[in-house]
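Below, each chain spelled out in residue letters.
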Amino acid sequence: MALQKISKETRAGLVEGEYDPKFQGVVDAFIENFETREEVGASHSITLEGKTVLDIWGGRKKPGGDAWTRDTVSIVFSCTKGATAICAHMLADRGLLDLDAPVAKYWPEFAVNGKEEAIVSMMLDHSVGVPHVREKVKEGGYYDYDYMIDLVAKEKPFWQPGTRNGYHGVTFAWTVGEIVHRAAKKRLGQFFRDEVAKPLGIDFQIGGLPEADEARVAPMIYAVPDEATLKSKFTQAILADPQSPSALFLGNNGNANFNSRECHASEIGSANGISNGRGLAGLYAPLANGGGKLVSKDTLDRMGRVAMSTHEDATLMIPSRFALGFMKSMDNRKVPNASNMSCIMSDAAFGHVGMGGSIGFADPEARMSFGYNMNKMGNGILVNDRAQSLIDAAYLALGYRSNQSGVWAL
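Reference entry: report on the structure contained in this document. Once a new chain begins, its residue numbering starts again from 1 and follows that chain's sequence as written. Totals for whole chains, interfaces and linings use every residue, but because this is a predicted model, local features are given only for residues with pLDDT of at least 70 and side-chain atom pairs only at 80 or more, for both listing and counting. The basis for every side-chain value is the complete set of heavy atoms in the structure, and neither hydrogens nor water enter the calculation.

1. Concerning helix α11 (residues 277–284)
For each residue, the accessible area found with a 1.4 Å probe, counting protein chains only, is set against the maximum for its type, and the residue is called buried under 20%, exposed over 50%, and partly exposed in between. Numbering of helices and strands starts at the N terminus; helices are DSSP runs of H or I of at least 4 residues and strands are runs of E of at least 2. A large share of α11 lies buried, amounting to 7 of its 8 residues. For α11, the full list of buried residues reads Gly277, Gly279, Leu280, Ala281, Gly282, Leu283 and Tyr284.

2. Focus: the sheet that holds strand β7 (residues 273–275)
Strand pairing in a sheet takes place through backbone hydrogen bonds and is either antiparallel or parallel in direction. Pairs of strands are assigned from DSSP output, requiring at least two bridges between the strands. Taken in spatial order, the 3 strands line up as β5-β7-β6 in an open sheet, and their pairing is antiparallel. Each edge of the open sheet carries a strand with a single partner, namely β5 (74–75) and β6 (205–206).

3. Things to note about the packing of aromatic side chains
Any Phe, Tyr or Trp ring, taking Trp's six-membered ring, that has another such ring centre within 6.5 Å forms a pair; planes under 30 degrees apart are called stacked, those over 60 apart edge-to-face, and the others tilted. Tallied over the full model, the rule gives 13 aromatic pairs. Ring geometry for phenylalanine 361 versus phenylalanine 370: centroids 4.9 Å apart, planes at 15 degrees, classification stacked. Of the residues examined, phenylalanine 361 reaches a relative accessible area of 0% and is grouped as buried. Under the relative-accessibility criterion, phenylalanine 370 is labelled buried at 0%. These aromatic residues form a ring-pair network of at least three members: Phe361, Phe370, Tyr395, Tyr400 and Trp408. Geometrically, a lysine NZ or arginine CZ counts as sitting over a ring once it is within 6 Å of the ring centre and also within 35 degrees of the ring normal. Taking NZ or CZ as reference, lysine 115 lies 4.7 Å from the ring centre of phenylalanine 110, over its face. Here the guanidinium or amino end of lysine 138 rests over the ring plane of tyrosine 147, the centre of that ring lying 4.6 Å away.

And the structure:
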């Protein structure tokens, strides 16, 4: 069926693009985000069996500013981790990286101060014990790759590696990122460009954004913490102990400015990927369809399996479920003081949320890939009602229903 075009004015600006009428409910939810959920600018794309069935965008790059166009991009924060993890799995698939080998095999400088027995997979499932660094990060430290690699390598673990997990919110850039570097013999950003972004033809950068592209980047609008956020265990952990993983993750950042040219030009493989809904959906499309040219079926199967599940993540302070480098469906709706701390997909789906509510994922069972980005960040740790409404509508369009376990199922 031919895709149907849309051009509709909303409270925040024009929504444009095209879509298969089967996904009318997704379009309606996207428009509703602008009308009632304070969306400013956003884009959203879905592929099904490798074909684009929805590609829409709208709103503005900032309130009252220029229109968000087809090629507008933004920081997608931790959606970057999914892209970085894909690089690690590609190297494993090629026999260049053993996920079950000691980290010391590739990065002996890391295997010190209690991390001697750490294995590579622990870096991917957030159990390696370096959710952040205790030493105060220097001004602009996040932009200095070699400096951060040295800090992370020397860090004493917060727990014995492999015995528990805590989200490595930023340090994933320098644990998994450096393992990719050592195995590939080229930096993560370059490997991703050469082996993933260019072959797939996707608009996705990890570091090194050309200065000419800055005009396309919508600056992020940070969320003002609401009452529910202030009551969360995550916030309470920050207030209770400034040396906790939660507090260090949020505050020990060398005053990094993710809206700055300096940040966009640097490589932070956990947090500063720049893309849009189309780029995120394109990234995961091969993984929704058997692995494509990225990985074999056996590797794909491993990528989607739960590798670490816990009742309380040591950083996020919520129940969490991770595959090796990816988030799985997490339903925390009944957890006290955990507003906007869920991401409900199918059991087969895997991908990654970005701070503020962006998300990209693959669902190999549905053969669907999904990408959504925006510039106005929401509260909470995982997705908010804007992204979840789109996820819900997409699954409903495919005939899925929410089951008793709180996940989408046929």
